[in-house]
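Chain by chain, the residues:
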Amino acid sequence: MKTPIPILLISILLLSAPLFSISSPHDTLLTPSSPNFLTSPNGVFTAGFHSVGQNAYSFSIWFTKPTSDGNLTVVWTANRDQPVNGKRSKLSLLKSGNLVLTDAAQFTVWSTNTNSIPPLQLKLLDTGNLVLKNPNDTIIWESFDSPTDTLLPYQRLTRHLKLVASRSRSNFSSGYYALLFDDDNVLRLLFDGPEISSVYWPKPWLISWEAGRSNYNSSRTAEFDSSGYFRSTDDLKFKALDYGNGVWRRLTMDVDGNLRMYSLDEKRSIWSVSWQAIQQPCKIHGVCGPNALCNYDFPGENAGPRRCSCLPGYKAKNLTDWLLGCEPEFNLSCNAAESSFLKLPHVEFYGYDIKYHENYTYEMCEKVCLQSWMVTGKSPVTTGGQVSENSREMEQRGLVKWVREKINGDGGKELWLEEIIDPVMKGNCDLSKMEILVQVALQCVEEDKDARPTMRQVTWRLLYLENDDY
């Protein structure tokens, strides 16, 4: 007498039936061409195959309702770096209790690496968490334990996890920016590029307590609740601008290297930024790529927050992807006598400092660079990495030029930021925050009413001066 094959019960909420039973030892749950999806009981979240390119799919979780532009908001992906073919790829539950995703060649692209006796249940919860449960109703795997670029309410970020941004808005594979706990127990933003790796938030030159963080708690956990209140074991705390219950929110590591909390306006089907880590995007490392300059288009948000351009003599590698930076349009000579230097005032190259020299003239800097070039054989320009026009000195000068033009007109007396600060406050105020205050004030008196910020924009920028590490 043959032993009967055990039945694996998979509890999946489908559009047609709430329960789906599987009887073979290797059964298909979903395929890219299948009309079936897993939907949370509240209808907010959907799990299934999501198109990420021509005949390319990922098994993902997204907000069921598209945004006003027709796009789906994906919050988790199993195989972001290895999409599967639209034909003969499938998500299956093995008799062993392992949930696997295979491509057209039957190669395992992703799995839960679980082992359990039947019956098992695969459920998409109202929180957006996809869970696999054993017969004792114990969760043996959950998507909340393997985030991609987004955290949902009550989803914990721990010492072993990180959020990694997508490569670009059209390329959903892992990019260069990440949110993670560093070895000092502090939650940080990291740029991990092809050539260099560097922390850029909070300010890397600050001691933890100077940045409002603590490194004494080694448990390393962070999460936010349904009201939009975020807190971390390193004492990072903030609230969403629309703090309170009744709003769906997500915390996303965006493709531009900024960490943002979004709130969903369900009536208009749009996501609004309700908090962001960095107010000045040029301070994000690598944002314009190697051999490029990052600058701001004033006045402020209405004109666009950031502008990338190539250094003189360079051209963009790809105008649709500035992370690739710029490449030279000239042949580099190895003869120092045939080389020359270009003066770029108020520009800061990060990541390739040779040495710090105080009170050096332009000519002295040329000599040091040439000596280094002769030794290493590398050009100090082509290895310069991303360039920011908002160095600590530009925090004053970048705005000063605009203030001078606004108040005095071209050719007027140069007005330094310190000159418009009350003498009582000198030495006791944060110049970078004062810069933002002045910028907002001048935007509010623009002659063109369309160039003025809205009250919501003004309130948002002023509220977050308190929590902004920059």
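See the structure printed just above.
In this text the structure is predicted, and so the values were computed from the model without any measurement. (Residues numbered from 1 in each chain as written. Predicted model: local features only at pLDDT ≥ 70, side-chain atom pairs only at ≥ 80, totals over all residues. Heavy atoms only, no water.)

Engineer: Give me the overall build of the protein chain: which residues, what numbers.
Structural biologist: A count of helices and strands for the protein chain gives 4 helices and 32 strands. Counting every position in the protein chain, which comprises 470 residues, the buried fraction comes to 46%. When contacts within the protein chain are restricted to residue pairs at least 6 apart in sequence, those whose partners lie at least 24 apart make up 47%. By element, 52% of the accessible surface of the protein chain is carried by carbon and sulfur atoms, the whole surface being about 24,400 Å². (Helix = DSSP H or I, 4+ residues; strand = E, 2+ residues; numbered from the N terminus. Buried < 20%, exposed > 50% of the residue type's maximum accessible area, 1.4 Å probe, protein only. Contact = heavy atoms within 4.5 Å. Areas by Shrake-Rupley, 256 points an atom, 1.4 Å probe, with all protein chains shown as cover.)

Engineer: Help me get a handle on the pairing of strand β11 (residues 108–111), residues and values and all.
Structural biologist: Relative to β11, strand β10 (residues 99–102) runs antiparallel, the two sharing 3 bridges. Residue pairing across strands places Leu101 opposite Trp110, the latter belonging to β11. Counted between consecutive antiparallel strands, the loop separating β10 from β11 contains 5 residues, among which Gln106 sits at a positive phi close to 65 degrees. (Pairing = 2+ DSSP bridges.)

Engineer: I'd love a proper account of the sheet that holds strand β22 (residues 229–232), names of residues and values included.
Structural biologist: Within the open sheet, the 4 strands sit side by side as β16-β21-β22-β23. Their pairing is antiparallel. For this open sheet the edge positions go to β16 (157–158) and β23 (237–239), each flanked by a neighbour on one side alone. Inspection of the sheet shows β22 paired to β23 by 3 bridges, in the antiparallel sense. Counted as the bridge partner of Arg231 is Lys237 from β23.

Engineer: So, the sheet that holds strand β26 (residues 270–276): which residues are in play, and what are the values?
Structural biologist: The 4 strands lie next to each other as β15-β24-β25-β26, forming an open sheet whose pairing is antiparallel. What marks the edges here is a single partner per strand, and that holds for β15 (150–151) and β26. For β15 and strand β24 (residues 249–253), the ladder comprises 2 bridges, and the chain directions are antiparallel. Bridge pairing links Thr150 to Thr252 in β24.

Engineer: Can you tell me about the pattern of salt bridges, naming the residues and giving the values?
Structural biologist: A full pass over the atoms with the stated rule returns 10 salt bridges. One salt bridge in this structure joins Lys133 and Asp137, with 3.4 Å as the shortest N-O distance. Accessibility expressed as a relative area gives 14% for Lys133, which makes it buried. Under the relative-accessibility criterion, Asp137 is labelled partly exposed at 46%. Ionic pairing is found between Arg260 and Asp254, a salt bridge with its closest N-O pair at 2.8 Å. Since its relative accessible area comes to 13%, Arg260 is described here as buried. With a relative accessible area of 12%, Asp254 lands in the buried category. A single network of salt bridges, built from pairs that share partners, joins Asp182, Asp184 and Arg188. (Salt bridge = Lys/Arg side-chain N within 4 Å of Asp/Glu carboxyl O.)

Engineer: Before we move on, can you summarise the state of the cysteines with the specific residues and values?
Structural biologist: In protein chemistry, a disulfide is the covalent bond that joins the sulfur atoms of two cysteines. Taken as a whole and assessed by the stated rule, the structure comprises 3 disulfides. Each disulfide pairs two cysteine sulfurs, and for Cys288 the partner residue is Cys308, the sulfurs being separated by 2.0 Å. For the disulfide bridge between Cys288 and Cys308, the dihedral angle about the S-S bond is near -75 degrees, and by the sign convention the bridge is left-handed. Of this pair, Cys288 sits in the loop between β26 and β27 (292–295) while Cys308 is found in strand β28 (residues 307–310), placing the two residues 20 residues apart along the sequence. In this structure Cys288 comes out as buried when scored by relative accessible area, which is 0%. The disulfide partner of Cys310 is Cys326, and the gap between their sulfur atoms is 2.1 Å. On the sign convention where negative means left-handed, the S-S torsion of about -85 degrees between Cys310 and Cys326 marks this disulfide as left-handed. Here Cys326 lies in strand β30 (residues 326–328) and Cys310 lies in strand β28, a separation of 16 residues in the sequence. By the burial criterion, Cys310 is buried, and Cys326 matches it. Each bonded cysteine of the protein chain is numbered by sequence order, and under that numbering the disulfide pairs are 1-3, 2-4, 5-6. (Disulfide = S-S within 2.5 Å.)

Engineer: Describe the nonpolar core, listing the residues and the values that go with them.
Structural biologist: Grouped burial of nonpolar side chains is what soluble globular proteins tend to show. Among the nonpolar cores identified, the biggest contains 44 residues, and Tyr177, Leu179, Leu189, Tyr200, Trp201 and Leu251 are the most heavily contacted of them. Counting 31 residues, the second-largest nonpolar core is a separate cluster that includes Val44, Leu122, Phe144 and Leu264. (Core = buried A, V, L, I, M, F, W, Y, C linked by side-chain atoms within 4.5 Å.)

Engineer: Explain unusual backbone geometry residue by residue, including any values.
Structural biologist: Here the bond from Pro118 into Pro119 is cis, since omega is 0 degrees, no more than 30 degrees from zero. Considering the arrangement of structural elements, one finds Pro119 in the loop between β11 and β12 (121–124). Looking along the chain, the bond that leaves Trp201 and enters Pro202 is cis, with omega of -5 degrees. For Pro202, the position within the fold is in the loop between β20 (197–201) and β21 (221–224). Residues other than glycine seldom take positive phi values, yet Asn185 does so here, at roughly 70 degrees. With respect to the element layout, Asn185 can be found in the loop between β18 (174–181) and β19 (187–192).

Engineer: Can you break down empty space enclosed by the protein residue by residue, with the values?
Structural biologist: This structure, assessed with the given rule, holds 2 cavities of 30 Å³ or more. Here the largest cavity defines a volume of roughly 50 Å³. Along the walls of the largest cavity sit Val75, Trp76, Gly128, Ser143, Phe144, Thr150, Leu152 and Gln155, which together make up its complete lining. Across the lining of the largest cavity, the residue classes tally to 4 nonpolar, 4 polar and no charged. (1 Å grid on protein atoms, 1.4 Å probe; cavity = no way out; pocket = protein on both sides within 12 Å on 5 of 7 lines; lining within 4 Å. Points joined across faces, edges and corners; volume = space filled by probe spheres on them. Nonpolar A, V, L, I, M, F, W, Y, C, P; charged D, E, K, R; others polar.)

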